[in-house]
2 protein chains.
Amino acid sequence: MNAPAPSAPVPVAEVSQLLAPRSVAVIGASEDQTKFGGRLYRMLIKHGYAGTIYPVNPGRESLFGIKTVPSVSATPEAPDMVVMALPRAKVKDEIAAAAARGARGGIIITAKFSDAGPEGAALEAEIVEIARAHGMRLIGPNCLGIISPANRVVLCSSPALDVDALPVGPIGFVSQSGALMATIFDRALEMGVGFSHCVSVGNQADLELCDFVEYLIEDPRTRVICTYIEGIKDPRRFAELARRAREAGKPWLAVKAGRTDAGSRAAFSHTASIAGSHAVLASVCRDENITMLDDTGTMITLAAALARHPDARVETVAVLTTSGGGGALAADAISSGGLKMADFAPATRAALDEHYSPGQGLNPVDFGGRKFDDAADVSKVTAEIVAADPNTDALLYAITTAPMMERLADQLAAGMTDDQGQSRKPAFWVMQPGRAADRARAVLRERGIAFTNHTGEAIDALVAWHARSGFVPRTRPERPAGATVAAPAAGQYDEAASKAILAGYGVPVNESRLVRGADEAATAARELGYPVVMKIVSADIVHKSDVGGVAVGIADDAGAAACYRQIVDRARAAVPTARIDGVSVQTMASGKLEVIVGARRDAQFGPIVVVGAGGVLVELLSDRAIARAPIAAADARRMLESLSVWPVLSGYRGRALAVDAVVDAIVRVSWLAHDLGSQEFELDVNPLIVDVDRCVAVDARLRVGA
Amino acid sequence: MNAPAPSAPVPVAEVSQLLAPRSVAVIGASEDQTKFGGRLYRMLIKHGYAGTIYPVNPGRESLFGIKTVPSVSATPEAPDMVVMALPRAKVKDEIAAAAARGARGGIIITAKFSDAGPEGAALEAEIVEIARAHGMRLIGPNCLGIISPANRVVLCSSPALDVDALPVGPIGFVSQSGALMATIFDRALEMGVGFSHCVSVGNQADLELCDFVEYLIEDPRTRVICTYIEGIKDPRRFAELARRAREAGKPWLAVKAGRTDAGSRAAFSHTASIAGSHAVLASVCRDENITMLDDTGTMITLAAALARHPDARVETVAVLTTSGGGGALAADAISSGGLKMADFAPATRAALDEHYSPGQGLNPVDFGGRKFDDAADVSKVTAEIVAADPNTDALLYAITTAPMMERLADQLAAGMTDDQGQSRKPAFWVMQPGRAADRARAVLRERGIAFTNHTGEAIDALVAWHARSGFVPRTRPERPAGATVAAPAAGQYDEAASKAILAGYGVPVNESRLVRGADEAATAARELGYPVVMKIVSADIVHKSDVGGVAVGIADDAGAAACYRQIVDRARAAVPTARIDGVSVQTMASGKLEVIVGARRDAQFGPIVVVGAGGVLVELLSDRAIARAPIAAADARRMLESLSVWPVLSGYRGRALAVDAVVDAIVRVSWLAHDLGSQEFELDVNPLIVDVDRCVAVDARLRVGA
């Protein structure tokens, strides 16, 4: 329902100009602070916009001392930017007028376009067409504008902007939700965190999230990129930008709505974004080291810390606290999150022992355990000692109520800062009290130190940082020898046909014979070697087990012959109309573990491969790894390592299973997926039976085409 | 290292008096606000204490206009309470003097007693003895005193008390951490939440957590009980009080430090509390519906909501929001937490459709989707409609920045309140912005409505409430027929002996014969019926498999005889010095699932039984249910239902397994555990093999005594 995507990405220079317009026409500007146009106009002036402002208001001579123009057509020059929050019915004409006047960009705040159904979507598409015909770019509709502290450009009406000054910071933020942009901006301000630019993209009718992300990658004032995402418009560009962000050394964080069905429905009703498969997007983000988070507060907390130490790896944490109880809870949270409490080096312990009572100079360090009650700067000294500890990757300050908290905060901040005023180590401050800590918070803000009031945000940020630290870029996949380049034609393939295709790609399948009589069954079984498996073959019977059409462990000729008759009889009884093609006699593979390998075409990211535990485990473990196809062996192996069933594969109890063989099978399936990738398709290899020396696909089904 | 536990629980009346003393002697009272005594003295006066104050200060005539006494011995009457934060060396003499003067209670703030090692512990014990000898009760040491808004008694020096007024609320709080008590008090104040009483119990040398919990259960001003716990002093009393709290209709919430090794070590170094097994305590809390939480903010958020609706059950949630993005993220969090987004009843939908654009009157309800921009009271009306929805258990207000937020908050609050000013439904308010929401927060505080600034706290509180809602009290266990009352003597029991004991309790074990020669092995095997299992029997060989001492699937006489020789040879080769008693020939049980049933004596809660998945699953699923022994069948069944392996037991794929038989085995093991309960012991039934019609223990080991 969205307007058509732009044919090519918007050049960064163009976006740069939109975020730093030399002139802005505010349609509907007024002094009335109950109206959008009034509020936005005041904010633009209040925050010191340095360009030319054209308040558009036919009823007034001037507004706040600035001369008005009666219409956008009457501006003395073509404005770089036009902003409007008009009733929906008036938007098209106004955009047409602005485009005709030569405006370079427009922001449409008004909602109820593609977010409100087909009719709104059609109008939205029409407006985009008009603008593009004149080379005018659009932000929105259904957005809340932009806040660019770095450029002193505020084109946003939010009450969050009712502050004296906009702190400029190193975080760029692109949001599909306007309210969340303003809310996070405001919350961040309180946390001592500032932004370079915040952009709310709304329905992304023309300019979209990636256009701004690309700009932020190149913008020297931005060190960390934050995004709130409801749906991706151009998935391949998204992944490509992730690579560029990594190369630029800029961490990219994302909160994505729609990880559940309920959230996905809600996001759709918000900006009409088609969510796509969250699991696939999550796997792409993992592969590209875009850190996905559930919570916006955690995103800001992590972004602020990463801005100072974008390349640091975090696994071990030291806790400094004013409360033994607070320290214990922090230690619990850190350990539960899969991080480690830092084990201080001997020199660190010795240094702490000078200031702390016996047994108290340990991690967590509780200032209450200091040796001398009058040791005023023990907190500063402690922070210095711990920040210098070679075994500590990051610090967590768990601050509870304490006498003279502002002094404490100042000392701790001084202790973690080097002579150049730079932070020595990644650090998270958690200010747990209510207003008792307000003066301490002011001290931190003054020093430009970010904090959160919520332990959970700091812990979640640490956990996410730890996950980022293990990032390995994907290896370039190479087609393995013997993997056919021959995409099967559209159709529904039965087990034998599917396995034949797999075999053509070099995936091991068990041997089988199609037989049409009891004697033939016995002969085939004898040739294959006992025990064998027998399965009914009929295009009309999809669920073979349900009709008694599968038998396993057949041990001799008599059994094979009897089984043939039994299977055919049962199938006939269950589905009298079925055309029965015969019975498949197969070698019975034995193994220690069943694995499922699947592949399909994802609507957003194209061919993907999925691996998980099979058999009884499939229902017990939510065990699934997804990756874009094709995939290299090293990455296929990492997929297996991420499964909870990995301990069985890697042989925690005695012998390891044939991991390399499974990796090879995944790689080969991924190339089949790649070759099928231009069409809809779905492949299930279920199960792939894994033993200590080999693996073999014993059932499979492929569908190509819708 | 703690002082001896009191011989009997302290009567509630006595605790009540300590929290409402008629007179207080403040040792070290001064005007100096850098000193503990000075701060505490000022807070006591500031918050309107109505009793008599005796500032003890030999150097001053009067302090803040109140006449001093030179020493505690010189008070004109025996003070109800004496409070002190003296250097440790002076505490004993001062307690002795106060006790001699007839003081009823004392608070010792001073730390470094049992929390600092054996020498401090000895001094602490001595002090308790002196006090008790005079009938004086002690709070602390290593605590931060008490804050009792309900009694207007503040015996605490924390800067958190530097507020104009102490709001009185329905939450009682007992904390083993003083700093956390003050921090939570302060944070709660900001969240619009007040307390009846807050007590910090420190090292619990005399009065302990349960003394105050028992008081709160009986205190009519307390509706919800919150606790911060590092270690339980009297586990049985703890469990018994949980029952009484339930009977009184008062939810009990607990944050417990030490759920990980790191947290446990930190907690020990804080108040020298022995944590005990966290897993066992967690199971007791689940059994008694004490809601355990990881985070103190979540505890306060949940407590405030429960105080209004202590009996409500919560499973379905409606989200009301000012932001489509915020609503989508809330829906994601609710679904991920195992709750359901409420599916509005037709009448609710119809009512919302009057005010919202088509497709917008759904859960989550985004006020931005309203039909008429000028509908000023749409938020009030929405809250009324949704609060009346029969399919909605609880409301979540996800508030982001919006114009006129204070008006919005006021309307929403009005909408969820009935004519008597009572909240209609459990509701959680999440105020996501920073200072842009401060005026709205003030509106909520004014109306006595609690809020949190963190979505995560509200979600975690909802998840915990949902878990509370499913509570079923434990059934009284009854000894099943045929479960011997005969606790085995101390000793290490081998497989056969352990199984014999199990069989005596009616637990099914597989049949076995001890044989001492190859021919005898074949005869025994034939009599038992093939296939059989054979295992070496030697007290000197603990890990039978490791020496090749186990063989399975022996199919005939020749195999049995050969296997006998092989097993004995292998065992001799591996452990030449081992005394070999023979070989155990056993029926080979087959089944679909292996389960482990264990039992042991927990240091805190006595005999317990543990159930989990066995075999390959044991390493893949963190699958373990714990309960105090003995246990009734209904509760044993609930243990099984809580395991991730339950789908296999209950037959998600075809036939269910013999759940009743497993339940019976657990019950019988639990009675054995009960009968052994006065001693140290450890029993492992591993595995119990479960089939569709029966289960059977095929290996077991019991140790009785240390």
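Residues numbered from 1 in each chain as written. Chains lettered and ligands numbered in written order. Predicted model: local features only at pLDDT ≥ 70, side-chain atom pairs only at ≥ 80, totals over all residues. Heavy atoms only, no water.

**Q** In this structure, what is going on with the relation of the copies chain A and chain B? I would like to understand it.
**A** Once chain A is rotated about the relating axis by 180° and shifted along it by 0.1 Å, it coincides with chain B to within an RMSD of 0.1 Å. Taken together, the turn and the small shift mark the pair as related by a two-fold rotation axis. Taken together, the interface assignments show that 100% of the residues at the interface of chain A recur at the interface of chain B, consistent with an identical surface on both copies. (Least-squares fit on C-alpha atoms with pLDDT ≥ 70 in both. Contact = heavy atoms within 4.5 Å.)

**Q** Can you help me understand the UniProt feature "domain: ATP-grasp" (unreviewed entry) in chain A in this one?
**A** Using the residue numbers shown here, the UniProt feature "domain: ATP-grasp" (unreviewed entry) corresponds to residues 499-535 of chain A. In residues 499-535 of chain A, the share of helix is 46% and the share of strand is 22%. The end C-alpha atoms are 14 Å apart. (UniProt positions renumbered as here; feature names shortened; annotations may be inferred. Helix = DSSP H or I, 4+ residues; strand = E, 2+ residues; numbered from the N terminus.)

**Q** Teacher, can you tell me more about empty space enclosed by the protein here?
**A** A water-sized probe rolled over the atoms picks out the places where empty space is left. What the rule picks out here adds up to 5 cavities of 30 Å³ or more. Reported here for the largest cavity is a volume of approximately 160 Å³. Lining the largest cavity are 17 residues, with A304, A305, A427, W429 and A450 of chain B positioned closest to its centre. Contributing elements (two or more residues each) for the lining of the largest cavity: α10 (296-308) and β19 (427-431) of chain B. In terms of residues, the lining of the largest cavity owes the most to one element, α10 of chain B, which gives 4 residues. Of the residues assigned to the lining of the largest cavity, the class counts are 11 nonpolar, 5 polar and 1 charged. Of the domains in this structure, domain 1 (12-304) and domain 2 (312-469) of chain B are the two that each give at least three residues to the lining of the largest cavity. Around the second largest cavity sit R187, E190, M191, T452, N453 and E457 of chain A together with N453 and H454 of chain B, which together line it. (1 Å grid on protein atoms, 1.4 Å probe; cavity = no way out; pocket = protein on both sides within 12 Å on 5 of 7 lines; lining within 4 Å. Points joined across faces, edges and corners; volume = space filled by probe spheres on them. Nonpolar A, V, L, I, M, F, W, Y, C, P; charged D, E, K, R; others polar. Domains from an automatic or database assignment.)

**Q** Please explain unusual backbone geometry as it appears in this structure.
**A** Leaving glycine out, the prevailing phi sign among residues is negative, and the prevailing peptide bond configuration is trans. Of note, the amide linkage connecting G140 of chain B to P141 of chain B takes the cis form, showing an omega dihedral of -10°. With respect to the secondary-structure elements, P141 of chain B resides in the loop between β7 (137-139) and β8 (146-148). For the bond from A629 of chain B to P630 of chain B, the omega torsion is -5°, close enough to zero to count as cis. Mapped onto the fold, P630 of chain B is located in the loop between β27 (625-628) and α20 (633-641). The phi dihedral of Q204 of chain A falls on the positive side, at around 55°, and the residue is not glycine. Mapped onto the elements of the fold, Q204 of chain A is located in the loop between β11 (195-200) and α6 (209-218). Owing to a relative accessible area of 2%, Q204 of chain A belongs among the buried residues under this scheme. (Buried < 20%, exposed > 50% of the residue type's maximum accessible area, 1.4 Å probe, protein only.)

**Q** Before we go on, may I ask you to explain the packing of α6 of chain A against helix α7 (residues 235-247) of chain A in this structure?
**A** To characterise two packed helices, one gives the angle between the axes of the helices and the distance between these axes. All names here are of chain A. At a minimum axis distance of 10 Å, the contact between α6 and α7 shows a crossing angle of 10°. Judged on the interaxial angle alone, α7 and α6 are roughly parallel. Contacts between α6 and α7 involve C210, D211, V213, E214, I217 and E218 from the former and R237, F238, L241, R244 and A245 from the latter. Partitioned by chemical class, the residues of the contact of α6 with α7 number 6 nonpolar, no polar and 5 charged. (Axes fitted to C-alpha atoms, helices over the stretch in contact; angles between N-to-C directions. Parallel < 35°, antiparallel > 145°, perpendicular 65-115°, else oblique.)

**Q** Is there a simple way to explain the environment of S644 of chain B in this structure?
**A** For S644 of chain B, the position within the fold is in the loop between α20 and α21 (646-650). Under the relative-accessibility criterion, S644 of chain B is labelled partly exposed at 29%. Between the C-alpha atoms of S644 of chain B and L621 of chain B, which are 23 residues apart in sequence, the distance is 7.1 Å. In contact with S644 of chain B, other than residues within four places in its own chain, are L620 of chain A together with L621 and D623 of chain B.

**Q** Could you clarify how one ought to interpret the sheet that holds strand β22 (residues 532-537) of chain B in this entry?
**A** Residue and element names in this part refer to chain B. Here we have 4 strands laid out as an open sheet, ordered β21-β24-β22-β23, and antiparallel in their pairing. If you trace the sheet from one side to the other, it starts and ends with β21 (512-515) and β23 (550-554), each paired once. On average, each strand axis in the sheet is inclined to that of its neighbour by 20°, with strand direction left out of account. Relative to β23, β22 is paired through 3 bridges, and the arrangement is antiparallel. Within β23, the residue paired with V532 across the bridge is I554. Against the sheet, helix α18 (residues 518-528) makes contact with β21, β22 and β24 (582-587), and its axis sits at roughly 170° relative to β21, the strand it touches most. Contacts from helix α19 (residues 557-574) reach β21, β22, β23 and β24, with the element oriented near 30° to β22. (Pairing = 2+ DSSP bridges.)

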